[in-house]
Amino acid sequence: MAALTLADVTKVFSDGSDDAVIAVDGVDMEIRDGEFLVLVGPSGCGKSTTLRMIAGLESVTQGEIRLGDRRINDVAPADRNIAMVFQSYALYPHMTVRENMSFGLEESTGMADAEVAATVEESASMMGIEELLDRKPSDLSGGQQQRVALGRAIVRDPEAFLMDEPLSNLDAKLRATMRTELQRIQEELGVTTVYVTHDQTEAMTMGDRIAVLDEGVLQQVGTPLECYHEPANRFVAGFIGEPSMNFFDVERQGTRLVADRFDYPLSEATHAALGDTTELALGIRPEDIELVGEPGDHAFETVVDVVEPMGDANACYLTFDRSGTDPETFVATVGGMQQVEAGQPAVAHLPESAIHLFDRATGEALRNRDLPDDDGVQQAVRSD
Amino acid sequence: MSFPPATEEDRLVGPRVRKVALYIVLSGMVLFYLIPIETGLMTAITSPESYTGQTPFLPPLEPLVPGTGEFSLEAWGGALDGLSGGLVNSLVLVVPATVLSGLLGSMAAYGLTTVDWRGQVGIYVLFIAGIFIPYQAVLVPLTQFWYNVVPLRTAFVPLAELLPLVREYHWKLVALIITHTAYGLPICTLLFRAHYKKLSGEMIEAARLDGASVTTIYRRIILPLSIPMFAVVFIYQFTQIWNDLLFALTIIQFGDASVVTMDLVGIGVSQSGTNFPLRMAAALLAALPTLVVYVLFGDKFAEGVAT
């Protein structure tokens with residue numbers, strides 16, 4: 001086991017001509033020994049490229065990758081002692097499960113045949129696939145193939161696991177099961193793991209920490225709750241959370257925020273955090289918007305445009321003006337028992353303690369929501 | 001204007017008529033293709049002395065049906081006698097040439113497709129260009145090459161003295177093996193490359209991470225996954241090389257090394273006339289190995305064509 005360090009790692013793809021593409025731009029991060037780090041971002045953000053550079057399948061244009069104390073930039077993939085799980089599972093179709101799992105041990109170690117067989121059996125029982133050992137991949141279901149792919153990585157006993165969207169080909173139910181199982185196995189083995197996904201649910205639930213990547217640039221590294229409650233910038237705020245955060249473009253005039261349809265007075269403390277930036281974006285998570293009776297300083301009259309009932313909650317799309325054909329809406333989630341119907345007027349309360357304010361030009365977060373000191377969230381965030 | 005609705009009968013009659021027509025056409029085509037072969041077979045089992053050539057497609061039933069000739073396997077014995085040398089030479093030629101062109105084609109395709117290196121497209125273009133070089137254009141250079149440039153013949157003189165079963169004239173077969181391998185290589189590479197392009201890139205990467213070298217990946221992953229394509233290539237190359245006459249005439253020219261297609265040209269032809277039963281028996285005998293190859297590799301062939 002070892003820590004994995006990326007120092008100013010950059011990848012430029014160039015096809016010989018001038019139009020070079022910067023896929024990964026100066027990524028700095030440290031994945032601690034035994035940590036489960038989730039690399040998340042929209043498609044094309046460079047997360048897979050980063051993973052492939054760690055695996056050695058892509059060269060590193062600039063910067064350094066270290067596994068433990070060893071610089072591995074120029075080490076061949078086979079000699080890095082890293083195992084990878086691919087999205088397509090990448091099993092060898094002509095080999096049985098046993099042969100698939102033995103292959104890596106036979107090729108990369110000098111293990112005796114009996115020892116290989118014993119190691120394979122052990123890993124297979126850990127994955128619960130002993131009875132599949134003599135079958136071929138084509139005889140297995142998607143979930144079973146997934147297990148074999150994981151087993152093939154585990155059997156190598158590597159210093160680090162790399163996983164490239166390993167659950168994206170499974171159906172929703174199986175994915176949820178495998179999510180918890182993967183965490184259990186990773187905890188049991190204590191192997192440093194980098195997990196790439198575009199699914200923010202997987203990012204929130206699986207990782208010790210999340211690294212959010214956009215256009216090749218690292219946006220934030222932090223615990224899931226840190227990224228959720230204290231996003232470093234507007235991109236992270238919008239990417240993490242489902243339904244995603246609402247944003248309003250506002251302009252600060254004195255101690256008030258002026259939007260197209262509302263005026264939002266600020267407290268002294270909030271005001272002080274903004275410096276002299278006037279072009280701002282106000283962000284608030286749907287679950288922080290309350291539907292209350294009376295309009296007030298932070299409560300505005302709106303109309304419900306659409307309601308999406310989800311059982312435990314209702315997602316209400318609110319708008320200030322329902323007359324247009326495609327009105328601009330923002331989302332509020334309220335309890336599933338609360339009666340809300342499309343077309344009814346509602347007063348949306350945007351509590352000042354829950355708002356985030358971003359610099360509209362740079363996207364940087366100037367003020368994040370207040371976190372109550374005593375409810376444990378703060379501690380969870382700070383303890384890291 | 002409106003049509004009366006189709007009755008149950010109308011709907012059944014339409015497809016039935018079509019089906020009958022289809023089977024008539026199919027039967028006609030079967031007859032058309034099989035009659036020459038059937039005629040050849042019937043001719044081949046007729047005694048050459050009683051063969052009249054009047055009704056060659058009828059079985060030889062002479063005492064019973066006059067004019068059809070007498071049953072005899074004499075022509076087959078003659079064919080075997082006349083072709084045995086050519087059959088052996090052809091086998092000595094076709095097996096190594098087929099295996100070599102398949103194996104080298106597969107390796108070339110692997111190196112040009114799955115392994116990444118600069119300039120591989122340029123090399124591949126050269127391979128493809130090889131497909132379009134007409135046979136006729138290389139006949140004279142080939143003769144010059146094997147007879148005047150490469151001292152293969154002199155190299156075989158000591159070999160023939162040292163080793164049993166090796167004769168001096170075998171140098172011509174070796175020259176022909178190399179020529180056919182080289183000429184078959186581009187099309188084999190093309191076929192294998194199409195197959196390898198469909199293999200999962202992630203699978204190859206997984207093998208690299210598993211510690212397999214370029215040669216191990218070929219031996220343990222690529223080669224086992226190419227078996228259906230090998231069946232396609234083997235059938236194709238075997239038939240091509242077995243049936244080839246042009247290269248054989250150019251390189252072997254005459255003598256002990258002559259292959260079956262060369263022997264077939266002259267068999268059963270003499271100044272006193274053509275011995276048709278002998279010629280038919282010889283033709284069928286010469287075609288037999290390709291049939292056997294089709295039967296042996298047929299199911300893998302279908303798999304290879306389908307993938």
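Going by what an unreviewed UniProt entry lists, chain A is known as ABC-type D-xylose/L-arabinose transporter and is assigned to Haloglomus irregulare. Note on chain A: under the UniProt heading Subcellular location (unreviewed entry), the record states "Cell membrane".

Quick look at the pattern of salt bridges now. This model, assessed by the stated rule, comprises 24 salt bridges over all chains. When the shortest N-O distance is used, the salt bridge between Lys11 of chain A and Glu58 of chain A registers 4.0 Å. A residue pair is termed long-range when its members are at least 10 positions apart, and Lys11 of chain A in strand S1 (residues 4–13) and Glu58 of chain A in the loop between helix H1 (47–55) and strand S4 (62–67) qualify at 47 residues. The class of Lys11 of chain A is buried, set by a relative accessible area of 5%. For the salt bridge of Arg184 of chain A with Glu188 of chain A, the shortest nitrogen-to-oxygen distance reads 3.1 Å. Of the two residues, Arg184 of chain A and Glu188 of chain A both sit in helix H5 (residues 172–189), 4 residues apart, roughly one turn of that helix. Relative accessible area serves as the criterion here: at 38%, Arg184 of chain A is assigned to the partly exposed category. Overlapping salt bridges, with partners in common, bring together Lys11, Arg52 and Glu58 of chain A together with Glu205 of chain B in one network.

Residues and elements named next belong to chain A. When the domains of chain A are assigned, the result is domain 1 (4–234) and domain 2 (243–382). Each of domain 1 and domain 2 was reduced to a C-alpha centroid, and the two centroids are 37 Å apart. Listed as interface residues are 10 residues of domain 1 and, on the opposing side, 18 residues of domain 2. Summing both sides of the interface, domain 1 and domain 2 together bury roughly 1200 Å²; the carbon and sulfur share of this comes to 54%. Connecting domain 1 to domain 2 are 1 salt bridge. The shortest N-O distance in the salt bridge between Arg234 and Asp249 comes to 4.0 Å. Top element by residues in the side of domain 1 that touches domain 2 is helix H7 (residues 224–229). It accounts for 5 residues. Residue classes in the side of domain 1 that touches domain 2 are distributed as 5 nonpolar, 2 polar and 3 charged.

Time to look at the domain arrangement of chain B. Residues and elements named next belong to chain B. The assigned domain composition of chain B is domain 1 (1–72) and domain 2 (76–306). Centre-to-centre separation of domain 1 and domain 2, based on C-alpha positions: 37 Å. Taken together, the contact pairs 8 residues of domain 1 with 7 residues of domain 2. Buried surface at the junction of domain 1 and domain 2, both sides included, amounts to about 610 Å², of which 81% is carbon and sulfur. In this assembly, domain 1 and domain 2 are joined by 0 salt bridges.

Rules behind the numbers
- Residues numbered from 1 in each chain as written.
- Chains lettered and ligands numbered in written order.
- Predicted model: local features only at pLDDT ≥ 70, side-chain atom pairs only at ≥ 80, totals over all residues.
- Heavy atoms only, no water.
- UniProt positions renumbered as here; feature names shortened; annotations may be inferred.
- Salt bridge = Lys/Arg side-chain N within 4 Å of Asp/Glu carboxyl O.
- Helix = DSSP H or I, 4+ residues; strand = E, 2+ residues; numbered from the N terminus.
- Buried < 20%, exposed > 50% of the residue type's maximum accessible area, 1.4 Å probe, protein only.
- Domains from an automatic or database assignment.
- Contact = heavy atoms within 4.5 Å.
- Buried area = accessible area lost by both parts, 1.4 Å probe.
- Nonpolar A, V, L, I, M, F, W, Y, C, P; charged D, E, K, R; others polar.

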